[in-house]
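Report on the structure
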Amino acid sequence: MRTSRSQSIFRIALGCSAILVSVVGCSRAPEAPPKAVAVQADDKMRFDMTAFEAKPGQKISVTLKNVGTTPKLSMGHNFVMLDRTVNEQNVTKFLDAASTEASHDYVPPTSKEVLAHTKLLGPGETDTVTFTAPYVPGDYLYLCSFPGHYSQGTKGIMTVKQ
Ligand SMILES: [Cu+2]
């Protein structure tokens, strides 16, 4: 009696440790669940979401909504995620290049700094862009590249950290 009982306890203990091993194995390569981020842009040229965090390699879905009423030609908004070579000190260079690209939604088609972007949205429109957060921790600037909007407040920082 006693022997068989201790054997079954032993088996349970074995089973638990097997689960433990597999959990530890999984946590070695943690995969953060996808993250959805909602950003609104308005006629005052502001983003309502000016900062969010991401894990390295996390799938991020950004949904931009233009909640303004002014026509797209004079008040369109997009969401452009930039890499770490662009920051608040040198962003003018990127914005200058973007300002001549009206036919490409103000996103220079050959730009290597653009990690992801939505299309340019008119009033009431929504667009979602999905991308993988960079593996290098740090601050990543995002903005609307419609001429003049960045300086008014359509900008924010995605902070990548473990
Ligand atoms: Cu804008």
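Bear in mind that the values here come from a model prediction, so they are computed numbers and not experimental data.

**Observations regarding the sheet that holds strand β2 (residues 51–54)**
- Strand order in the open sheet made by the 5 strands is β2-β8-β7-β4-β5, with mixed pairing throughout. Among the strands making up the open sheet, the edge pair consists of β2 and β5 (114–117). Taken over all neighbouring pairs, the strand axes of this sheet differ in orientation by 25° on average, direction set aside.
- Sheet topology note: the β2/strand β8 (residues 155–160) ladder contains 4 bridges and is parallel. Its bridge partner lying in β8, F52 is registered against M158.

**Re the environment of T130**
- Tracing the backbone through its elements, the reader meets T130 in strand β6 (residues 126–132).
- Sequence-wise, T130 and T118 are 12 residues apart; in three dimensions their C-alpha atoms are separated by 9.2 Å.
- With residues near it in sequence (within four places) discarded, T130 still touches K59, I60 and S61.

**Focus: the environment of P71**
- Examined against the element boundaries, P71 turns out to sit in the loop between β3 (59–66) and α2 (72–75).
- Residue class for P71 comes out exposed when judged on the 10 C-beta atoms lying within 10 Å of it.
- Remark: the alpha-carbon pair of P71 and G122, spanning 51 residues in sequence, is separated by 6.1 Å.

**What to know about the nonpolar core**
- Core analysis: the largest hydrophobic core is formed by 28 residues, its most contacted members being F79, M81, L82, Y140 and Y142.
- The biggest single contributor to this core is strand β7 (residues 138–143), with 4 residues.
- Discounting chain neighbours no more than four positions away, the residues touching Y140 are M81, L82, D83, R84, P134, I157, M158 and V160.

**A word on the environment of P147**
- Structurally, P147 is set in the loop between β7 and α4 (149–152).
- When the 14 C-beta atoms within 10 Å are taken as the criterion, P147 is described as partly exposed.
- Along the primary structure P147 and M75 are separated by 72 residues, whereas in three dimensions their C-alpha atoms are 9.4 Å apart.

Cut-offs applied
- Residues numbered from 1 in each chain as written.
- Predicted model: local features only at pLDDT ≥ 70, side-chain atom pairs only at ≥ 80, totals over all residues.
- Pairing = 2+ DSSP bridges.
- Helix = DSSP H or I, 4+ residues; strand = E, 2+ residues; numbered from the N terminus.
- Axes fitted to C-alpha atoms, helices over the stretch in contact; angles between N-to-C directions.
- Contact = placed C-beta atoms within 7 Å.
- Buried ≥ 20, exposed ≤ 12 C-beta atoms within 10 Å, placed from the backbone.
- Core = buried A, V, L, I, M, F, W, Y, C linked by C-beta atoms within 7 Å.

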